[in-house]
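# Notes for the structure review
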Amino acid sequence: MATEPLQKLLEHAFPDASELRIEDRTGGGDHFQVTIASPRFDGLTLLDQHRLVNEALADPLRDGTIHELRIKTKGSE
Amino acid sequence: MTELRERIQEVIQNEPVALFMKGTPQFVMCGNSDRALRALRKAGAPVTGVDVLADPAIRRELSAISGWPTIPQVFVNGELIGGADITEELGASGELTRVLEEKLGADYRAEAEERTASVLTPA
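Residues numbered from 1 in each chain as written. Chains lettered and ligands numbered in written order. Predicted model: local features only at pLDDT ≥ 70, side-chain atom pairs only at ≥ 80, totals over all residues.

### What about the overall build of chain B?
The helix and strand tally for chain B stands at five helices and five strands. Counting helices and strands in the order they occur from the N terminus, chain B gives α-β-α-β-α-β-β-α-α-β. Computed over C-alpha atoms, the radius of gyration of chain B comes to 13 Å, within 12% of the 14 Å expected from 2.2 N^0.38 for 123 residues, which places it in the range of a compact globule. Projected onto the principal axes, the alpha-carbon positions of chain B cover approximately 40 × 25 × 25 Å. (Helix = DSSP H or I, 4+ residues; strand = E, 2+ residues; numbered from the N terminus. Rg over C-alpha atoms; globule rule 2.2 N^0.38 Å.)

Laid out in structure tokens, this is it:
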């Protein structure tokens, strides 16, 4: 899968993100690195921050479109 | 509740540090499981590895329990810590050591022996 559909899902879930990047790590369309900075992460544990990203990408994770997902989250500070 | 789910929950509850991974600590089959294992080893954690590749049902049941979609998954004293990225990040910041001390006691390194556990019924 190209990164655009995933980018859309993330933009929808994090409309106020100050940084939102998704990279295809291997060029194979199934190993992705997501980097998001959003005030939604403020005050949340790392676990809950990653949960929000996993929830935004629940469908492609469930159907196997995403084989591997690496996540880097940042709050607004 | 299925028997498999019960066995997975037993491991989560009973093992000080449970690492659900692809492969075993001795023979890791995935780069992300390896990243989590390395971070745990560096922190001196007593890791119990569970190979999710042994049966596809393990991963399904595990994610149903934890609400976490990917492998690996690290639990300390029954509580989900996170996947490879979180474990690595907590390891790099020193937070992982603090979490292990808080949950397992300051002398948790004393029993830092690696084990493997199976959640499948012996054939």
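### Structural notes on the interface of chain B and chain A
The partner chain A presents ten residues to the nine residues of chain B that form the contact. A total of four residues in the side of chain B that touches chain A trace back to one element, the largest contributor, which is helix H4 (residues 84-93) of chain B. (Contact = placed C-beta atoms within 7 Å.)

### Concerning the pairing of strand S3 (residues 73-76) of chain B
The two faces of a sheet get side chains in turn, since along a regular strand they alternate between them. Residue and element names in this part refer to chain B. Here S3 shows two buried faces, one formed by Gln 73 and Phe 75 and the other by Val 74 and Val 76. Pairing geometry for strand S1 (residues 17-21) and S3, over four bridges, is antiparallel. Its bridge partner lying in S3, Leu 19 is registered against Val 74. When S3 meets strand S4 (residues 79-82), the two strands line up antiparallel, connected through three bridges. Following the sheet pairing, Val 74 is matched in S4 by Gly 82. Linking two consecutive strands that pair antiparallel, namely S3 and S4, is a turn of two residues; a positive phi of about 45 degrees is found at Asn 77 within it. (Buried ≥ 20, exposed ≤ 12 C-beta atoms within 10 Å, placed from the backbone. Pairing = 2+ DSSP bridges.)

### Some words on the environment of Leu 46 of chain A
Here Leu 46 of chain A is to be found in helix H2 (residues 46-56). In this structure Leu 46 of chain A comes out as partly exposed when scored by C-beta crowding, with 19 C-beta atoms within 10 Å. Along the sequence, Leu 46 of chain A and Ile 36 of chain A sit ten residues apart, while their C-alpha atoms lie 13 Å from each other. Filtering out sequence-adjacent residues up to four positions away, Leu 46 of chain A remains in contact with Gly 82, Ile 86, Glu 89 and Leu 90 of chain B.

### Structural notes on the pairing of strand S1 (residues 19-24) of chain A
Residues and elements named next belong to chain A. Pairing between S1 and strand S2 (residues 31-37): six bridges, direction antiparallel. Within S2, the position partnered with Glu 23 by the bridge is Gln 33. The loop that links S1 with its antiparallel partner S2 comprises six residues; one of these, Gly 27, has a positive phi angle of about 80 degrees.

### Thoughts on the confidence of the model for chain A
Interpretation of this model should avoid reading the predicted coordinates in detail wherever pLDDT is low. Taken residue by residue, chain A gives an average pLDDT of 94. The fraction at 70 or more is 100%. The secondary-structure element of chain A with the lowest mean pLDDT is helix H3 (residues 58-62) of chain A, recorded at 94, while H2 of chain A shows the highest, at 97. (pLDDT = per-residue confidence, 0-100.)

### Details of the packing of helix H2 (residues 31-42) of chain B against H4 of chain B
All names here are of chain B. Relative to each other, H2 and H4 sit at 30 degrees, their axes nearing to 8 Å. In terms of orientation, H2 lies roughly parallel with respect to H4. Note on packing geometry: the crossing formed by H2 with H4 is left-handed. Judged by residue contacts, Asn 32, Arg 35, Ala 36, Ala 39, Leu 40 and Lys 42 of H2 engage Ala 84, Thr 87, Glu 88 and Gly 91 from H4. Residue classes in the contact of H2 with H4 are distributed as four nonpolar, three polar and three charged. (Axes fitted to C-alpha atoms, helices over the stretch in contact; angles between N-to-C directions. Parallel < 35°, antiparallel > 145°, perpendicular 65-115°, else oblique. Left-handed = near helix turned anticlockwise from the far one by under 90°. Nonpolar A, V, L, I, M, F, W, Y, C, P; charged D, E, K, R; others polar.)

### Considerations on the nonpolar core
If you look at the biggest cluster of nonpolar residues, it comprises 31 residues, and the most contacted ones within it are Leu 19, Phe 20, Met 21, Ala 36 and Leu 40 of chain B. With five residues, the single largest contributor to this core is S1 of chain B. Not counting chain neighbours up to four residues away, the residues in contact with Phe 20 of chain B comprise Val 50, Val 52, Leu 62, Ile 71, Pro 72 and Gln 73 of chain B. Counting residues in each nonpolar core, the second largest holds twelve residues, with Phe 32, Val 34, Leu 57 and Leu 69 of chain A among its members. (Core = buried A, V, L, I, M, F, W, Y, C linked by C-beta atoms within 7 Å.)

### Some remarks on helix H3 (residues 56-66) of chain B
All names here are of chain B. Of the residues making up H3, those classed as buried are Ile 58, Glu 61 and Leu 62. Down the axis of H3, the sector holding all buried residues measures 105 degrees, keeping them to one side. Exposed side of H3, more than 90 degrees from the buried face: Pro 56 and Ala 64 are the residues found there. Considering only its buried residues, H3 is in contact with helix H1 (3-14), S1 and S3. Directly after H3, the chain includes Gly 67, whose backbone phi takes a positive value near 70 degrees. (Arc of directions from axis to C-beta.)

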